[in-house]
Amino acid sequence: MRKFKRLSLTLISAAMVLTACGGGGSQESSNAATPAANQTEVNKPTYNFKLAHITPTDHMWHLAAEKFKSELESRSGGRMKMEIYPNSQLGKEADMVQQIEAGSVDFGLITAAYLSSREPSFTAWFAPYAFKDLQSANDARSTEVAKKILGTLDSQGLKGLDYLFAGQRVMLFKNREVLKPEDMNGLKFRVTPSPPLQDFYKSLGASPESIALPEVYAAVQTGVIDGMDMDLDAAITNKYHEVTKFAAVTNHMVWPAIAMMNKASYEKMPDEDKKIIDDSIKAAAEFAVSTRAAQEEEFRKELSDKGMKVYDMDVALFESHIKQFDEKYGPTNPLIQEFIDTFRK
Ligand code: BEZ
């Protein structure tokens, strides 16, 4: 009898602990809905999310990640918490995506450039000169074709949430002032390992070298490369002004990161929480683009104050290269063609 009484007391206490921590017990993913001691609203899940990305903490994507975190916390009344792992702390983008697929990391800000090697429709974002400025690229987020491209991640167990833009792409040169595409002839040029970007530089006559962001500084410093495809933000945050003399502000391509999540974790969430995620990432994306667009002049001046020659190159110089991209990539994929048809007007 005494044994039975002890057993029932144990069962009752276990049930009380589960009720206190389980947030309704409706969520099962590893980080999402981790039981939290201070549950703020009865019967609503609490979450301890992890987000990973590759940029340093002063890059726009990290600032956007922090904005996302604060929006999640305030919109959820403290039920959603997030830890951010910047600077490739959790590995390369391929590793991060794998961790998101496995559910050990909840969110990633992953470059469209990397994704273009897994899912060809992301190539569309590298149509040269598809947008007149950053704001127009940002407006494209809400188009049908942009949403369809995000939707292609579904089949990989990923939920594409939104696009976050850093500055547009520019060209940095170690020693040579390149004023026209022909001046690129034979230059060893760092290009992100992504087929459309590599093709663009081949069409300019350069020899593209696939080098991931963390190795770029040493590569240019030691003369392995003569220049790089980059954005002004990363030029500053990675101090490339120390190792390159010329910055051609071509703004030839946009540079979106895809905010993504494990699809099953997203789908298990109550609608209220899905909406908090959707609205928070949207607020972060808007914050990123408005902050970044306002920094263009400041970034140019900063590089110039640090000793670089910063200059423009006219889009007219690249007309044949634009045509080459459209003719080569449009027919390979209906979403790339739809993208070209939507934005080349
Ligand atoms: C790059 O690989 O060029 C890059 C990646 C992330 C942010 C900025 C630049």
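Residues numbered from 1 in each chain as written. Predicted model: local features only at pLDDT ≥ 70, side-chain atom pairs only at ≥ 80, totals over all residues. Heavy atoms only, no water.

**Thoughts on the overall build of the protein chain**
- When you go through the protein chain residue by residue, the secondary structure sums to 14 helices and eleven strands.
- Looking at the protein chain as a whole, 54% of its 345 residues are labelled buried.
- For the protein chain, contacts bridging at least 24 residues in sequence account for 71% of all contacts bridging at least 6. (Helix = DSSP H or I, 4+ residues; strand = E, 2+ residues; numbered from the N terminus. Buried < 20%, exposed > 50% of the residue type's maximum accessible area, 1.4 Å probe, protein only. Contact = heavy atoms within 4.5 Å.)

**As for empty space enclosed by the protein**
- As enumerated under the stated definition, the model contains one cavity of 30 Å³ or more in all.
- Taken as a whole, the largest cavity spans an internal volume of roughly 40 Å³.
- The wall of the largest cavity is formed by Trp 125, Ala 127, Tyr 129, Ala 130, Phe 131, Gln 168, Asn 251, His 252, Met 253 and Val 254.
- When residues of the lining of the largest cavity are assigned to domains, at least three fall in each of domain 1 (45–165 + 256–296) and domain 2 (169–253 + 298–343). (1 Å grid on protein atoms, 1.4 Å probe; cavity = no way out; pocket = protein on both sides within 12 Å on 5 of 7 lines; lining within 4 Å. Points joined across faces, edges and corners; volume = space filled by probe spheres on them. Domains from an automatic or database assignment.)

**Let's talk about the pattern of salt bridges**
- As enumerated under the stated definition, the model contains 24 salt bridges in all.
- The residue Lys 180 makes a salt bridge to Asp 183 at a minimum N-O spacing of 2.8 Å.
- Owing to a relative accessible area of 37%, Lys 180 belongs among the partly exposed residues under this scheme.
- Relative accessible area serves as the criterion here: at 17%, Asp 183 is assigned to the buried category. (Salt bridge = Lys/Arg side-chain N within 4 Å of Asp/Glu carboxyl O.)

**Examining the packing of helix 2 (residues 60–75) against helix 11 (residues 271–293)**
- Between helix 2 and helix 11, the least distance of the axes is 8 Å, while the angle of their chain directions is 145°. Every pair of crossing elements has a handedness; the one defined by helix 2 and helix 11 is right-handed. Where helix 2 approaches helix 11, its residues Met 60, Leu 63, Ala 64, Lys 67, Phe 68, Glu 71, Leu 72 and Arg 75 are matched on the opposing element by Ile 276, Ile 277, Asp 279, Ser 280, Ile 281, Ala 283, Ala 284, Phe 287, Ala 288, Thr 291 and Arg 292.
- Its residues assigned to classes, the contact of helix 2 with helix 11 shows twelve nonpolar, two polar and five charged. (Axes fitted to C-alpha atoms, helices over the stretch in contact; angles between N-to-C directions. Left-handed = near helix turned anticlockwise from the far one by under 90°. Nonpolar A, V, L, I, M, F, W, Y, C, P; charged D, E, K, R; others polar.)

**Digging into the pairing of strand 1 (residues 47–52)**
- With six bridges joining them, strand 1 and strand 2 (residues 80–85) adopt parallel strand pairing. Within strand 2, the position partnered with Phe 49 by the bridge is Met 82.
- For the crossover that starts at strand 1, traverses helix 2 and ends in the parallel strand 2, the hand is right-handed.
- In the sheet, strand 1 pairs with strand 3 (residues 107–111) via two bridges, with the strands oriented parallel. If you follow Ala 52 over to strand 3, its bridge partner there is Gly 108. (Pairing = 2+ DSSP bridges. Right-handed = clockwise from strand over helix to strand, strands pointing away.)

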